[in-house]
Amino acid sequence: MAGDDLIDAAKQAGVASFEATFGRVPDNFRLLAEHAPGAFAGYGLIRSTIMRDRAAGGALDLKTKELIFALLDTLIGQKNGAKNHAAAALRLGLTLPELAEGLVQVVMAGGITTWNETGADVMRHCVELAAATPAAAES
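Bear in mind that the values here come from a model prediction, so they are computed numbers and not experimental data.

Novice: Outline the packing of helix α5 (residues 79–91) against helix α7 (residues 112–132), listing residues and values.
Specialist: Here α5 crosses α7 at 35 degrees, and the two axes come no closer than 9 Å. As for the relative orientation of α5 and α7, their crossing is right-handed in sense. Contacts between α5 and α7 pair Lys79, Ala82, Lys83, Ala86, Ala87 and Leu90 from the former with Glu117, Thr118, Asp121, Val122, His125, Cys126 and Leu129 from the latter. Taken together, the residues of the contact of α5 with α7 break down into 7 nonpolar, 2 polar and 4 charged.

Structure, rendered in structure tokens:
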């Protein structure tokens, strides 16, 4: 496969992965794809591989992967990513008590600042989402 064809195929895998999990390609990633297509293509291949559910060959279920990303993003202060991944995990069946427990683990590893700067906003966001879909709030 020629270089440009390989990059195009990898870009499409990345786009398909985002669309499957988020329903869209986030703005920052569209910008990356436009101005650094090779970098987006590489990221797209990684993402399309890791964001597979068990039925598609993933080792972990997609809900767990989304929770892990939400917690990692909380730890590094990436609020938008944490909210997006936590919301995706809720859609896949994560409960508010499960999210809260994971966020407390982040506090234990990263300190109370992770809660104050990001974790509390992630929890609030998901409480609001769960209020719109009550089944998500149950334990």
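We are not done yet, so read on.
Novice: Now, about the nonpolar core: what can you tell me, with residues and values included?
Specialist: Counting residues in each nonpolar core, the largest one holds 16 residues, and the members touching the most others are Ala86, Leu94, Leu96, Leu99 and Cys126. The next biggest cluster of nonpolar side chains, apart from the first, holds 6 residues, and it includes Phe22, Val25, Ala33 and Ala88.

Novice: Describe the pattern of salt bridges, listing the residues and the values that go with them.
Specialist: Scanning the entire structure with this criterion turns up 4 salt bridges. Measuring nitrogen to oxygen at the nearest pair gives 2.1 Å for the salt bridge that ties Arg30 to Asp27. With Arg30 and Asp27 both in helix α2 (residues 27–35), this residue pair falls 3 residues apart, about one helical turn. Overall, Arg30 belongs to the partly exposed group, its relative accessible area being 48%. Lys79 is paired through a salt bridge with Asp121; the nearest N and O atoms lie 2.5 Å apart. Taken together, the positions of Lys79 in helix α5 and Asp121 in helix α7 put the pair 42 residues apart, joining distant regions of the chain. For Asp121, a relative accessible area of 24% corresponds to the partly exposed category. Beyond isolated ion pairs, a larger network of salt bridges with shared partners links Lys79, Asp121 and Arg124.

How each quantity is defined
Residues numbered from 1 in each chain as written. Predicted model: local features only at pLDDT ≥ 70, side-chain atom pairs only at ≥ 80, totals over all residues. Heavy atoms only, no water. Axes fitted to C-alpha atoms, helices over the stretch in contact; angles between N-to-C directions. Helix = DSSP H or I, 4+ residues; strand = E, 2+ residues; numbered from the N terminus. Left-handed = near helix turned anticlockwise from the far one by under 90°. Contact = heavy atoms within 4.5 Å. Nonpolar A, V, L, I, M, F, W, Y, C, P; charged D, E, K, R; others polar. Core = buried A, V, L, I, M, F, W, Y, C linked by side-chain atoms within 4.5 Å. Buried < 20%, exposed > 50% of the residue type's maximum accessible area, 1.4 Å probe, protein only. Salt bridge = Lys/Arg side-chain N within 4 Å of Asp/Glu carboxyl O.

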